[in-house]
Amino acid sequence: MAERGEVPQSLKTRLKNGKPCMSFYYSVSSNPHRLRRRVKKIEEIAAVDGVGCIQMGPLDLSASLEYLWDPGNKKVKEMMNAAEKLVFKKKPVEGGAYLSGFAMPHDSPENLKSRGYHMVSGAVDIGMFRNAAVEDVKKFKMSSVEGSTSSSFEFELLMR
């Protein structure tokens, strides 16, 4: 496993030989039954020539399994572990792919690394989206004409 900031040797070889290297974000279905079938195909996707990395999002997976905002749910963890095992069946040096994921409060970067992940992202996009939405609401509220019929009720709800 490469240390932080290092490029894994098999990736260096792939790039040196002019082979493409794609990162594949594994988006899942909103249908739990279809999701289980798709997770079984992740091994095939990881073996596609040129795919160097498979990335899965625990929040997307939890929503697809109908456990919205609960990536620490036992069933979500089981599905994530099953997908991880399928990706790890074939090592990157044998034509498989690296695994990439998102650190979460219940699953630290150290835990992900110990399970074999090569790239770990922090889950910060949701906070950024929320902040952008709140700023838009503030701008809208500030641009309201005095005496208009709009209330601050919607703004109050967003701020909670």
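Calculation notes
By convention here, each chain's residues receive numbers from 1 onward along its written sequence. Note on the predicted model: pLDDT of at least 70 is required for a residue's local features to be given, and 80 or more for side-chain atom pairs to be given and counted; whole-chain, interface and lining totals, by contrast, use all residues. Excluding hydrogens and water, the side-chain values take into account all heavy atoms of the structure. UniProt positions are given in the numbering used here, feature names are shortened, and annotations may be inferred rather than shown by experiment. Numbering goes from the N terminus for both helices and strands, where a helix is a DSSP run of H or I of at least four residues and a strand is a run of E of at least two. Contact between two residues is taken to exist if any of their heavy atoms lie within 4.5 Å; hydrogens are not considered. Each accessible area is a Shrake-Rupley result for a 1.4 Å probe, and residues are judged covered by the shown protein chains and nothing else. One side-chain nitrogen of Lys or Arg within 4 Å of one carboxyl oxygen of Asp or Glu is enough to make a salt bridge. Only protein chains enter the accessibility calculation, which uses a 1.4 Å probe; a residue whose area is less than 20% of its type maximum is buried, one above 50% is exposed, and one in between is partly exposed. Helix axes use the C-alpha atoms of the stretch in contact, all axes being lines fitted to C-alpha atoms, and the angles between their N-to-C directions lie in the range 0 to 180 degrees. To sort the angles, those under 35 degrees are grouped as roughly parallel, those over 145 as roughly antiparallel, those from 65 to 115 as roughly perpendicular, and the leftovers as oblique. Residues are grouped as follows: Ala, Val, Leu, Ile, Met, Phe, Trp, Tyr, Cys and Pro are nonpolar; Asp, Glu, Lys and Arg are charged; all remaining types, including Gly, are polar. Strands were regarded as paired on the criterion that DSSP finds at least two bridges between them. Think of a nonpolar core as a cluster: buried Ala, Val, Leu, Ile, Met, Phe, Trp, Tyr and Cys residues, connected wherever their side-chain atoms sit within 4.5 Å. The definition of a polar contact used here is a pair of N or O atoms within 3.5 Å, where within protein one atom must be able to donate a hydrogen and the other to accept one, and adjacent residues in sequence count solely through side-chain atom pairs. Summarising the geometry, the arc corresponds to the directions from the helix axis toward the C-beta atoms.

- The chain is annotated in an unreviewed UniProt entry as HpcH/HpaI aldolase/citrate lyase domain-containing protein of Datura stramonium.
- Quoted straight from UniProt, the Sequence similarities (unreviewed entry) entry for the chain says "Belongs to the HpcH/HpaI aldolase family."

Some words on the overall build of the chain
Stage number 1. Regarding its fold elements, the chain presents 8 helices and 4 strands.
Stage number 2. When contacts within the chain are restricted to residue pairs at least 6 apart in sequence, those whose partners lie at least 24 apart make up 58%.
Stage number 3. Element-wise, carbon and sulfur atoms account for 56% of the exposed surface of the chain, whose accessible area totals about 10,800 Å².

Some words on the pattern of salt bridges
Stage number 1. Inspection of the entire model under this criterion finds 4 salt bridges.
Stage number 2. Lys89 is paired through a salt bridge with Glu43; the nearest N and O atoms lie 3.8 Å apart. Taken together, the residues span a long stretch of sequence, with Lys89 in the loop between helix H5 (74-88) and strand E3 (98-103) and Glu43 in helix H3 (residues 42-46) at a distance of 46 residues.
Stage number 3. On the basis of relative accessible area, Lys89 is assigned to the exposed category, the value being 54%.
Stage number 4. Each member of the salt-bridge network shares a partner with another, and the members are Glu84, Asp107 and Arg115.

Brief notes about the packing of helix H2 (residues 32-40) against H5
Stage number 1. At a minimum axis separation of 9 Å, H2 and H5 run at an interaxial angle of 25°. Regarding the angle of H2 to H5, the classification is roughly parallel. Residues Arg36, Val39 and Lys40 of H2 form the contact with H5, whose participating residues are Met79, Ala83 and Leu86.
Stage number 2. Classifying every residue of the contact of H2 with H5 by side-chain character gives 4 nonpolar, no polar and 2 charged.

A short note on the pairing of strand E2 (residues 51-56)
Stage number 1. Of all 6 residues that make up E2, 6 are buried, and the element is covered over most of its length.
Stage number 2. When E2 meets E3, the two strands line up parallel, connected through 4 bridges. Within E3, the position partnered with Gln55 by the bridge is Ser100.

Considerations on the nonpolar core
Stage number 1. Counting residues in each nonpolar core, the largest one holds 20 residues, and the members touching the most others are Ile42, Ile54, Met56 and Leu61.
Stage number 2. Broken down by element, the residue count for this core peaks at 6 residues, all from H5.

A closer look at the side chain of Ser62
Stage number 1. Its place among the elements puts Ser62 in helix H4 (residues 58-64).
Stage number 2. Here the side chain of Ser62 touches Leu59 through a polar contact of 2.9 Å, landing on its backbone oxygen.
Stage number 3. The residues contacting Ser62, other than those within four sequence positions of it, are Tyr67, Leu68, Trp69, Asp70, Pro71 and Val76.

Topic: unusual backbone geometry
Stage number 1. Phi is positive for Glu66, close to 70°, though the residue is something other than glycine.
Stage number 2. Looking at the element boundaries, Glu66 is found in the loop between H4 and H5.
Stage number 3. Residues other than glycine seldom take positive phi values, yet Trp69 does so here, at roughly 60°.
Stage number 4. Here Trp69 lies in the loop between H4 and H5.
Stage number 5. For Trp69, a relative accessible area of 56% puts it in the exposed group.

A word on the environment of Met119
Stage number 1. The topology assignment puts Met119 in strand E4 (residues 119-122).
Stage number 2. Note: C-alpha distance between Met119 and Cys53 (66 residues apart in sequence) is 8.8 Å.

Section: H2
Stage number 1. All buried positions along H2 are accounted for by Pro32, Leu35 and Val39. Looking straight down H2, one finds that the buried residues subtend no more than 45° of arc, so they occupy a single side. Exposed side of H2, more than 90 degrees from the buried face: His33, Arg37 and Lys40 are the residues found there.

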